[in-house]
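Residues per chain are reported as follows:
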Amino acid sequence: MFPGPLGVSLAGRAMEDGVWSLAARNIRDFATDKHRTVDDTPAGGGPGMVLRADVLSAAVAGARGPGPVLAMSPRGKTLTQRQVRDLAAGPGVTLLCGRFEGFDERLFDAPLPDGSFIEPVSIGDYILSGGEPAALVLLDACVRLLPGVMGAASSGHDESFESGLLEYPHYTRPPEWEGLLIPEVLRSGDHAKIAAWRLAQSETDTRLRRPDLWERHLGARVQSPSGAHKKKEK
Ligand code: SAH
């Protein structure tokens, strides 16, 4: 599954250019029995199989690169653009991809040699059959932020989630399509008016489509005076 879609297009070119690299390892290589067993039945009963903590821990010890170790899991906190930015600015990341029912929970309770812990991370509230597509999503989000991968396009901080709002809607030629016109203001050439219109659209769309983001955005605005104060003290 790796590099899969990350081997083509912008990410693929950046990989060829040595901007980033990826080493995929098979956790079966870290099993110790002759059947190369990585899973077993769930303690307490129930369907499916659970990935063994001892085998996964050996896999992390043998395959870890620089940076944190994350395990793809719907039981983790949902990945955010902020976390993606932090990862992209860091030295790398080691990702564990689950299968079956997921990981033996003790994997998350035992410290790694450097004192850090494996952290579960989810890419959203739905269930995949395996962690690989989730890892590809996380890596794609990080790779596009690496210097030189996307040029100017990835630096725009208007992008959805960067400001806590969804991005404003885009339009392009032709000016009329299916009887639908590009909003007049975008053809006015008045940059201040365009900026105001875009902000209003961002706010409306966020409020209607993502009330969760909108609530947080309002909360952040209320708190910003004390935030500014804190900055001054520093
Ligand atoms: N029984 C688990 C789901 C297991 S799905 C539960 O209900 O929480 C099998 C594997 O797919 C998981 O171990 C994980 O690695 C991956 N996976 C599934 N959905 C995911 C998601 N939303 N985010 C990240 N990884 C996911």
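Residues numbered from 1 in each chain as written. Predicted model: local features only at pLDDT ≥ 70, side-chain atom pairs only at ≥ 80, totals over all residues. Heavy atoms only, no water.

The chain is annotated in an unreviewed UniProt entry as tRNA (guanine-N(1)-)-methyltransferase of Glacieibacterium arshaanense. In its Sequence similarities (unreviewed entry) section, the UniProt entry covering the chain states "Belongs to the RNA methyltransferase TrmD family." As stated in UniProt under Subunit (unreviewed entry), the record for the chain gives "Homodimer." (UniProt positions renumbered as here; feature names shortened; annotations may be inferred.)

1. Describing the packing of aromatic side chains
A full pass over the atoms with the stated rule returns one aromatic pair. Judged by centre distance (5.9 Å) and plane angle (90 degrees), the rings of Phe-103 and Phe-108 are edge-to-face. Here the two residues Phe-103 and Phe-108 agree in accessibility, since each one is buried. (Phe/Tyr/Trp six-rings, centres within 6.5 Å; stacked < 30°, edge-to-face > 60°. Buried < 20%, exposed > 50% of the residue type's maximum accessible area, 1.4 Å probe, protein only.)

2. A few points about the nonpolar core
Within the largest apolar cluster, 24 residues are counted, with the highest numbers of intra-cluster contacts made by Trp-20, Met-72, Leu-95 and Leu-138. Per-element accounting of this core gives the leading share, eight residues, to helix H4 (residues 132-143). Trp-20 has contacts with Leu-6, Ala-11, Ala-14, Met-15, Val-143 and Leu-146, leaving out every residue within four places of it along the chain. Among the nonpolar cores identified, the runner-up in size contains 18 residues, and Ala-31, Ala-59, Val-60 and Phe-108 belong to it. (Core = buried A, V, L, I, M, F, W, Y, C linked by side-chain atoms within 4.5 Å. Helix = DSSP H or I, 4+ residues; strand = E, 2+ residues; numbered from the N terminus. Contact = heavy atoms within 4.5 Å.)

3. Quick look at the sheet that holds strand S3 (residues 69-78)
Ordered by their spatial adjacency, three strands build an open sheet running S4-S3-S5, and the pairing between neighbours is parallel. Looking at the sheet topology across the chains shown, the edges are occupied by strand S4 (94-97) and strand S5 (119-122). Taking the axes of each pair of neighbouring strands and ignoring which way they run, one obtains an average angle of 55 degrees across the sheet. As judged from the four bridges shared by S3 and S4, these two strands associate in the parallel manner. Among the inter-strand pairings, Leu-70 is bridged to a residue of S4, identified as Leu-95. Of the strands in this sheet, S3, S4 and S5 are in contact with H4, which crosses S4 at around 155 degrees. (Pairing = 2+ DSSP bridges. Axes fitted to C-alpha atoms, helices over the stretch in contact; angles between N-to-C directions.)

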